[in-house]
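Listed below, chain by chain, are the residues.
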Amino acid sequence: MRSRIHSNLLGIQNTPTISAGKKFQLDDLIEAQQFDREILADIFEVAREMEKVEKNSPGSQVLKGYLMATLFYEPSTRTRLSFESAMKRLGGEVLTTENAREFSSAAKGETLEDTIRTVEGYSDIIVMRHFESGAAKRAAATTEVPVINAGDGPGQHPTQALLDVYTIDREIGKLDGIKVALVGDLANGRTVRSLAYLLAKYQDVKIYLVSPDVVKMKDDIKDYLTSKGVEWEESADLMEVASKCDVLYQTRIQRERFGERIDLYEEARGKYIVDHDVLNAMQDHAVVMHPLPRLDEITVDVDADPRAAYFRQAKNGLYIRMALLKLLLVGW
């Protein structure tokens, strides 16, 4: 009933370019395995519409009357702000908590399930980041409102993977037949895990895995790629891989995932750095991507090179998240 009331209102208030329509195929966004190529192509088409909407902002009221709750148990800048910006640019409102682990009732011992049941009474959609892998799936099983996984510990980050694939398509011009190097913390990096799942949807993709020994990609991802017929190769030679790939996807070594093992963190940190020497080895059409934040794994002087795509990548996150909020709340 709520959706029908909102849709009727939106039919009067929307700008002509965007309107409520057929229900989106997914109720929640929890993991990258939920998507097939058809859904991905459709999401990307809506994201391109959102680029036009953003340029004409504040022109759309497609989500007027809807409330989004952002429930973040881990720090975030780009993900949280891009979701909040996306909601507001489409006419919606935001309820937010930035550090729910410390400043919510979780600090008093409240269970995740109780928090979600409470928050669903205040909002129409929940965007959640949590420090435990699988937390988003637990949240989705608890509530009737849509849940978007904005990162669950070392698990997955599906909306980041969506914006990454969208960026590759926009920058390289294709998704089939590409070579992608995943570099850095592949054991703890949820972004590279989710991206690997999505890249497996495309044909003739080759993935290079470049990482220190202590943070190699876990076997579940390698087994998944093999099961889908995706060619992958582990390498310790960043310069050689850089010369072959279309996309060099760099990630930071995640200090927060090492606990007390500072020795292992120091062993991994700084081993693979993208600098001008790496750029010189890359092909002219290739791009450097990074989910951000970066520390020292990409030198600042790389920013001026047109192949540095990571800030364009971050901006694409706005368009993807605008598209997802529109699709989950009011449909195609």
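Analysis parameters
Residues numbered from 1 in each chain as written. Predicted model: local features only at pLDDT ≥ 70, side-chain atom pairs only at ≥ 80, totals over all residues. Heavy atoms only, no water. UniProt positions renumbered as here; feature names shortened; annotations may be inferred. Buried < 20%, exposed > 50% of the residue type's maximum accessible area, 1.4 Å probe, protein only. Helix = DSSP H or I, 4+ residues; strand = E, 2+ residues; numbered from the N terminus. Pairing = 2+ DSSP bridges. Right-handed = clockwise from strand over helix to strand, strands pointing away. Contact = heavy atoms within 4.5 Å.

Under an unreviewed UniProt entry, the name given to the protein is aspartate carbamoyltransferase, and the source organism is Salix purpurea. Recorded under Catalytic activity (unreviewed entry), the UniProt text for the protein is reproduced unchanged: "carbamoyl phosphate + L-aspartate = N-carbamoyl-L-aspartate + phosphate + H(+)". Recorded in UniProt under Subunit (unreviewed entry), the annotation for the protein is "Homotrimer."

Chemist: Explanation requested: the pairing of strand 1 (residues 67–72) in the structure shown.
Modeler: Along a regular strand, successive side chains alternate from one face of the sheet to the other. Here strand 1 lies mainly inside the structure; 5 of its 6 residues are buried. With 5 bridges joining them, strand 1 and strand 2 (residues 93–97) adopt parallel strand pairing. Residue pairing across strands places Ala 69 opposite Leu 95, the latter belonging to strand 2. Handedness of the crossover joining strand 1 and strand 2 through helix 3 (residues 78–89) is recorded here as right-handed. Judged from the 5 bridges that link them, strand 1 and strand 3 (residues 125–130) form a sheet pairing that is parallel.

Chemist: Sorry if this is basic, but what is going on with the environment of Asp 296 here?
Modeler: Along the chain, the position of Asp 296 falls in the loop between strand 9 (287–289) and helix 13 (310–330). Each C-alpha atom of the pair Asp 296 and Tyr 272 lies 9.7 Å from the other, and the pair is 24 residues apart in sequence. Those residues in contact with Asp 296 that sit more than four places away from it in its chain are Arg 269 and Ile 273.

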